[in-house]
Amino acid sequence: MAHLSSTIIIVCLLCITSLPLFASQIPNKNSLQIYIVHVEAPDAHVASESEDLESWYRSFLPATTTSSSEDEAQLVYSYRHVLKGFAAKLSPDHVKEMEKKKGFISAQPQKLMSVQTTHSPNFLGLNQNMGLWEDSNYGKGVIIGVLDSGVMPEHPSFSDEGMPPPPAKWKGECQFSHTSCNNKIIGARYFNDGDQSPLDDNGHGTHTAGTAAGRFVQGANLFGRANGTAAGVAPLAHLAIYKVLNNGKGGEAAFLAGMDAAIEDGVDVLSISIGYDDATLIKNLYDDYYAISAFSAMEKGIFLSFAAGNEGPFPSSLGHWAPWVLTVGASTLDRKLSAKAVLGNNQEVDGESVYDFPRKLFPLVYAPDCRGNDIRGKIVVCEDDRTKVIPSGVAGVILINNETHGNTIQVAAIGAPTTHFSYAAGLKIKAYLGSTATPTATISSQGTVIGDERAPVVASFSSRGPSIPTPGILKPDILGPGVNILAASHDTSIEWTIKSGTSMVCPHLSGVAALLKSVHPDWSPAAIKSAIMTTADDVNLAGNPIEDERFLPADIFATGSGHVNPSRAQDPGLVYDIQPRDYLSYLCGLGYTDRQVERFLHRRVNCAVESKIAEAELNYPSFSIIFSGRSTSQVYTRTVTNVGDPDSSYEVEISPPNGVEVSVEPATLNFSETEQKLQYKVTFSRLTPNTDFVEGFLKWTSPNHSVRSPIVVRLS
C-alpha cells in the first residue's frame, strides 16, 4: 500500500431526486446514499497523477457482493483541488466495510443545497465611457465562473460580438449538444446525473449570469416596465458556466465537482448564489463544504462572492461565514415599478406592479389565501405569505405583505394582473374593506419611477448575522442590489424577467470584483474584498442612515460594511490584505483539531507548534469583538497596505460603540511609497457591562481617501 502522508476527503453520492439529510433518515439500510468520506492521502506521486489518484480512491470502495449492479459501490467524481477526494455511490454497509481499511477517517451523508438588469449598473455609479467601466475596459479579459442552474446561451445578453477570445490560460470545456460556446460563454459544463447539457432548466442561472456579465442590450423590459439598456456589471468579462443544480436543487457532491472544475479551468472570479437548505445546521467551518472548497479556490487567487441567504430578517440566519469569501446581503434600487390602488372612497394607496390594468372600478373582495367561490371578475385582496397559487378568472390581485416583510415589495409576473403592496399599505386596504358593504377598486399604473431617496433599503428577506460558526467575523460583508432585478430569462417566450433575492446581489458583486481585477490584476482576493468593504456607503441617497424593511435604521448585522460603491472601491487608498498562509493561525486559533484544519489545507498540520490568533486578530476590514467573563479590554493589531498616493498621511476618526472606549495607536499613518505596509493597534475597553450588541466604526482619512471599518461589540 502507498505511503500515507496527509488528510484527504471523499464525497459519496446518491443519484435520486430527494435525498435524506441525515443517516437516521435513511429508510433502507442498504440504499445508496451520498456520503462525504475522509481518508488519508497517498504519497506525493500518486496525489499528482490523476489516474493514480483515482486508483487510490477506488481502493477504498468495497468489492461487490451481490448480483445487482444497483447495490454496487460506484465512483462518480474524482476531486483534485477542492477536497483531494472523490464522490461515490455507497450504502451504509459499504461504509462499514470502508471503516476497516487503513487510511479511513470518517464518513458523513452529504447535505442538500438550493438557489438562494437595466438600471442597477447606473444605480451603482457605472456609466458608459467613463469611470470604473472605462478604466476596467468593462472587465475585459476576466473570467467569471457561475455555479448555478445552467444558462440559456442564445439569449442576446450572451452575444460575443466584439468580444476577444478567451485568455491563453483557459482550459475549460463546452458540453452543449445543440450549440457551441463563444467568446462570451467560453465554457459550460454539467455535473448532475440526469442532466444532458448545461442548459438552464430553472431560469436562476441565466438571470445570475446575465447580471454578472451580460452584454449591452437595448430595449430590455418586462411588459414595458423597467425599460432601458440592459447590461451586466462586467459586460466584457468572459463567462464560464457550471451547472451544479437540477431544477434549483442539488447536493454537495455535484457542487464540489463544479468547484473543482472551475479551479482547474482557470476562472478569476466565482459567483455562487446557492446555499444549504438549512444553514443553521452548520456550527463549525470544517463542516461547511462551501468554506472548504472556497479555501482551495482562494489559495489559487480566485475571488469568491456568495449570497448570504434569504432567511431574513431573523438574526443569525445567514450562511457563508468564512472570512476568505465575500458574503453579500440584499437591498433595494432607487427604481419603483409604481402603481396605485384607487379605492372606492377615492383613497390612493401606493404599490408596485409590472402590469397594465383597465381604468374601471371592480368589486373588491378579501380572500387571504387567494381562494374562494365568489372571486371571479373581481379584484381579490390576498396575503402574500398565505397565497400558493394566483387564481385565474379574477380581474386582478392585490397581494399584501405580512408584518415581517414590511416595506420590501417584490414584484413578479405571475399570471393574473397582480399589484404588490407593503404591510402598511395593506392595512389601509383592509380598513377600507371593513368600512363598506360594497367595496370597489381599480389599479392605476404609474410606470417606472427613478429616484427613491430612501434607497438602498435592506430587504426583509436578506439573511442577518451574527455568524454562529465565526462570531469574531462580522457578516454579512456588504449590501448590493437584490430587489426587483431585471435580467435575462431562460424562457424563449419572454426575453427578460424580474427576480429578487440575495442570489441577485451575488452576481452584482462578482461583476464588481471582475472590474477591480481588471484594473488591479496584482491584487489578492483579500485586497479586492477590502477595497469593496472599506469604501461602502453607510447612508442612503438622502444622506440618512440605511434603513431596514421597517424603515428604521438598519443594524450592522443587516448592513455589514454598507452598500457597495464600485467607483470608490477602484481607488480605496488603503487595503487590509490577507495571504492564504495567514489563515492557518486563524484556523488553529478557533480551537479546531489538526484533522479539522487539514480539511482546508490538504496537508499535515500541527497546531501545537503553530501560532494562534483570536478571530478578531485576523487582518479583516471590520471588527467583531466579544467580551466574555471578566475581561474589560482587548487589543488587536491591523496592517494596512498603501495602494494610493505614494506620499500620503491618514488620520484616524473613531465613532465608539455605546459603552465601549476605543483607542488607536498611532493616530496618524504616514506613508512614503506605494505598497508600503504600516500597523496600528486598537484597544477596546468595556465601560458598561450588558448583553447588548453595540456598533460604531473607525475611519482612516486623507485628503483623497476615506477607509472605514465597522465595529460591533457584544458586551456579555
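Look a little higher up for the structure.
Now for a quick tour of the structure. (Residues numbered from 1 in each chain as written. Predicted model: local features only at pLDDT ≥ 70, side-chain atom pairs only at ≥ 80, totals over all residues. Heavy atoms only, no water.)

### Some words on the sheet that holds strand E16 (residues 326–331)
Read from one edge to the other, the open sheet built from 7 strands follows the order E8-E11-E7-E13-E15-E16-E24, with strand pairing classed as parallel. Taken across any chain shown, the strands that pair with only one partner, and hence form the sheet edges, are strand E8 (185–190) and strand E24 (478–481). For this sheet, the mean inter-axis angle between neighbouring strands, taken without regard to orientation, is 25°. Pairing of strand E7 (residues 143–148) with strand E13 (residues 269–272) involves 4 bridges; the strand directions are parallel. Within E13, the position partnered with Ile 144 by the bridge is Val 269. The sheet strands contacting helix H10 (residues 502–519) are E7, E13, strand E15 (303–307), E16 and E24, and the helix crosses E16 at an angle near 125°. Packing against the sheet, helix H11 (residues 525–534) makes contact with E15, E16 and E24, and its axis sits at approximately 50° to E15. (Pairing = 2+ DSSP bridges. Helix = DSSP H or I, 4+ residues; strand = E, 2+ residues; numbered from the N terminus. Axes fitted to C-alpha atoms, helices over the stretch in contact; angles between N-to-C directions. Contact = heavy atoms within 4.5 Å.)

### As for unusual backbone geometry
Cis geometry marks the peptide bond from Ala 455 to Pro 456, where omega comes out at -5°. Mapped onto the elements of the fold, Pro 456 is located in the loop between strand E23 (440–450) and E24. Between Gly 465 and Pro 466 the backbone carries a cis peptide bond, its omega angle lying at 0°. Assignment of secondary structure puts Pro 466 in the loop between E23 and E24. Positive phi, close to 65°, is recorded for Phe 551, a residue that is not glycine. Accessibility expressed as a relative area gives 28% for Phe 551, which makes it partly exposed. (Buried < 20%, exposed > 50% of the residue type's maximum accessible area, 1.4 Å probe, protein only.)

### Looking at the state of the cysteines
Evaluation of the coordinates by the stated rule reveals 3 disulfides. There is a disulfide in this structure between Cys 174 and Cys 181, and the S-S distance comes to 2.1 Å. Between Cys 174 and Cys 181 the sulfur-sulfur dihedral comes to about 90°; the bridge is accordingly right-handed. Disulfide pairing is shown between Cys 588 and Cys 607; the S-S distance is 2.1 Å. Looking along the S-S bond of the Cys 588-Cys 607 disulfide, the torsion reads about -75°, which is the left-handed sense. Of this pair, Cys 588 sits in helix H14 (residues 582–589) while Cys 607 sits in the loop between helix H15 (594–601) and strand E28 (623–627); the two residues are 19 residues apart in sequence, bridging distant segments of the chain. (Disulfide = S-S within 2.5 Å.)

### A few points about the pairing of strand E31 (residues 660–665)
With burial as the criterion, only one face of E31 is covered, namely that bearing Val 660, Val 662 and Val 664; the residues Glu 661, Ser 663 and Glu 665 on the opposite face remain uncovered. As paired elements, E31 and strand E33 (residues 677–686) share 6 bridges and run antiparallel to each other. Pairing of Val 664 across the sheet is with Val 682, part of E33.

### A closer look at the pairing of E16
Burial within E16 is extensive, with 6 of its 6 residues counted as buried. Side-chain alternation along E16 places Leu 326, Val 328 and Ala 330 on one buried face and Thr 327, Gly 329 and Ser 331 on a second face that is also buried. Relative to E16, E15 runs parallel, the two being bridged by 3 bridges. Among the inter-strand pairings, Ser 305 is bridged to a residue of E16, identified as Leu 326. The sheet contact formed by E16 and E24 spans 4 bridges and is parallel. Directly across from Ala 330, in E24, lies its bridge partner Gly 480.

### Quick word on helix H6 (residues 204–213)
Here H6 lies mainly inside the structure; 10 of its 10 residues are buried. For H6, the set of buried residues is His 204, Gly 205, Thr 206, His 207, Thr 208, Ala 209, Gly 210, Thr 211, Ala 212 and Ala 213. Residues of H6 that are buried in the fold lie against strand E6 (112–115), E7, strand E11 (238–243), strand E25 (485–488), strand E26 (496–499) and H10.

### Comments concerning the packing of H14 against H15
Axis separation between H14 and H15 bottoms out at 10 Å; the angle between their running directions is 150°. Judged by the angle between their axes, H14 and H15 are roughly antiparallel. Helix-helix and strand crossings are classified by hand; for H14 and H15 the assignment is right-handed. In contact with Leu 584, Leu 587 and Cys 588 of H14, H15 contributes Val 597, Phe 600 and Leu 601. (Parallel < 35°, antiparallel > 145°, perpendicular 65-115°, else oblique. Left-handed = near helix turned anticlockwise from the far one by under 90°.)

### Observations regarding the sheet that holds E6
The strands that make up a sheet pair up through hydrogen bonds in the backbone, lying either parallel or antiparallel. Read across the open sheet, the 3 strands follow the order E12-E6-E14; overall the sheet is antiparallel. Of all the strands in the sheet, just strand E12 (249–251) and strand E14 (274–276) have a single pairing partner and so form its edges. Direction aside, neighbouring strands of the sheet carry axes that sit 35° apart on average. As paired strands, E6 and E14 are joined by 3 bridges and run antiparallel to one another. Bridged to Val 115 within E14 is Ile 274. Relative to the sheet, helix H7 (residues 252–265) contacts E6, E12 and E14, its axis offset from that of E12 by approximately 80°.

### Description of the nonpolar core
Trp 324 and Phe 600 are the most contacted members of the largest nonpolar core, which has 123 residues in total. Here this core gets 9 residues from one element, more than from any other, and that element is H7. Non-local contacts of Phe 600, meaning those with residues more than four positions away in its chain, are made with Leu 285, Tyr 286, Ala 291, Ile 292, Phe 295, Glu 299, Trp 324, Leu 587 and Tyr 592. Grouped together as the second largest cluster of nonpolar side chains are 25 residues, Phe 627, Val 660, Phe 671 and Ile 711 included. (Core = buried A, V, L, I, M, F, W, Y, C linked by side-chain atoms within 4.5 Å.)

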